[in-house]
Amino acid sequence: MSASENDEIEVPQVVNLSNVNVDTVRAELVRASHAAIRKLEAEEADVNGIIIGVATTGKFIGRRAAIGAINAKQADLREAFVGGVRGESLSISGKTAMIVANTIHAPEAKAAIVAGAQINAENIRTGLLIGRNINGNVQTLVDARAALLAGVFGGVIAGLVMLAGKLLFRPQK
């Protein structure tokens, strides 16, 4: 067997997993329930009650999942806890640290950072929201007034610290 033949790994079309712990899964379609996967690479993934480290997919459907990071063209997440999600079109219901996509639909989501061109939210709570077109009930931790006050307060504190430093550490005559 030549080295080039060893490098070519045939990717299975469909992988079904249940009640297992797996390091890496690569397939066209992955269906998994009540499993733990460190790294998932698939064209399409449908998971339920699962823990995933990193998922890279074309289409991702997840219910009751805990996921470190997802990079998907399309993702539909329900009752999910996610570290970060990046994609073209995302629908999210659950908690996440960061959501970045062109189109975001969030029926019920809590996120630290949300960034997207088109954001439709029935009920979303976020720390920082960046978007071009935002529709729906959105509650942000930092609004324009809070950002302005934080900037002024931070500037005053920095100025006082620098003034104190000059007074305390100036050369002795």
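For the structure, check the block above.
Notes on the structure follow. Predicted model, so just to flag it, every value in this text is computed and none were measured. The written sequence of each chain sets the order in which its residues are numbered from 1. Two thresholds apply to this predicted model, a pLDDT of at least 70 for residue-level local features and 80 or more for giving and counting side-chain atom pairs, whereas whole-chain, interface and lining totals are computed over all residues. Computation of side-chain values: all heavy atoms of the structure, hydrogens and water removed.

## Topic: the overall build of the protein chain
Item 1. Only DSSP runs of H or I covering at least 4 residues are called helices, and only runs of E covering at least 2 are called strands; the numbering of each starts at the N terminus. Helices and strands together make up the secondary structure of the protein chain, namely two helices and three strands.
Item 2. Helices (α) and strands (β) of the protein chain occur, in sequence order from the N terminus, as α-β-β-β-α.
Item 3. In this setup the radius of gyration rests on C-alpha atoms only. A globule is expected at 2.2 Å times the number of residues raised to 0.38. A globule of 173 residues ought to have a C-alpha radius of gyration of about 16 Å, yet the protein chain, at 23 Å, is considerably larger.
Item 4. Its C-alpha atoms give the protein chain principal-axis dimensions of roughly 80 × 45 × 30 Å.
Item 5. Within the span of the protein chain, comprising 173 residues, buried residues form 31% of the whole.
Item 6. On the protein chain, the mean spot of the 18 positive side-chain charges and the mean spot of the 16 negative ones are 17 Å from each other. Burial here depends on accessible area, computed with a 1.4 Å probe over protein chains only, as a share of the maximum for the residue type. Under 20% is buried, over 50% is exposed, and the range in between is partly exposed. His is not counted, nor are the chain ends; Lys and Arg add positive charge and Asp and Glu add negative charge. We put the charge of a Lys on NZ, of an Arg on CZ, of an Asp on CG and of a Glu on CD.

## A word on the pairing of strand E2 (residues 21-33)
Item 1. As paired strands, strand E1 (residues 14-18) and E2 are joined by five bridges and run parallel to one another. Following the sheet pairing, Leu 17 is matched in E2 by Ala 32.
Item 2. Two strands make a pair as long as DSSP finds a minimum of two bridges between them. Sheet topology note: the E2/strand E3 (residues 36-140) ladder contains 11 bridges and is parallel. Pairing of Val 25 across the sheet is with Leu 40, part of E3.

## Focus: the nonpolar core
Item 1. Leu 40, Ile 52, Phe 60, Ile 70 and Leu 77 are the most contacted members of the largest nonpolar core, which has 37 residues in total.
Item 2. For this core, the elements supplying multiple residues, two or more each, are E1, E2 and E3.
Item 3. At 30 residues, E3 tops the list of elements feeding residues into this core.
Item 4. Leu 77 has contacts with Phe 60, Gly 62, Ile 67, Ile 70, Val 82, Val 85, Ser 91, Ile 92 and Ser 93, leaving out every residue within four places of it along the chain. Among buried residues, those of type Ala, Val, Leu, Ile, Met, Phe, Trp, Tyr and Cys that are joined through side-chain atoms within 4.5 Å constitute a nonpolar core. When checking whether two residues touch, look at their non-hydrogen atoms; a contact exists if any pair is within 4.5 Å.

## Digging into the pattern of salt bridges
Here the idea is simple: oppositely charged side chains can pair when their charged atoms come close.
Item 1. A pairing counts as a salt bridge when a side-chain nitrogen of Lys or Arg comes within 4 Å of a carboxyl oxygen of Asp or Glu. Following the criterion strictly, the structure yields five salt bridges and no others.
Item 2. Note that Arg 38 is salt-bridged to Asp 23, the shortest N-O span being 2.5 Å. With Arg 38 in strand E3 and Asp 23 in strand E2, the pair connects residues that are 15 residues apart, well separated along the chain.
Item 3. A residue is classified by how much of its surface remains accessible, and Arg 38, at 48% relative accessible area, is partly exposed.

## Focus on the side chain of Ser 91
Item 1. Relative to the elements of secondary structure, Ser 91 occurs in strand E3.
Item 2. Taking relative accessible area as the criterion, Ser 91 reaches 13% and is therefore assigned buried.
Item 3. What qualifies as a polar contact is a pair of N or O atoms within 3.5 Å, subject to a donor-acceptor requirement within protein and to the restriction that residues adjacent in sequence count only when both atoms come from side chains. Among the polar contacts made by the side chain of Ser 91, one reaches the side chain of Arg 78 at a distance of 2.8 Å.
Item 4. Residues in contact with Ser 91, not counting those within four places in the same chain, are Ala 75, Asp 76, Leu 77, Arg 78, His 105 and Pro 107.

## Side note on a nonpolar patch on the surface
Item 1. Patch membership requires over 30% relative accessible area and the absence of a salt bridge. Like charges are linked within 9 Å, and nonpolar side chains (Val, Leu, Ile, Met, Phe, Trp, Tyr) within 5 Å. Residue exposure ignores everything except the shown protein chains as possible cover, and the areas themselves are Shrake-Rupley values with a 1.4 Å probe. Taken together, the side chains of Leu 148, Val 152, Phe 153, Val 156, Ile 157, Leu 160, Val 161, Leu 163 and Leu 167 define a hydrophobic patch exposed on the protein surface, amounting to about 890 Å² of accessible area.
Item 2. Within the secondary structure, Val 161 is located in helix H2 (residues 144-168).

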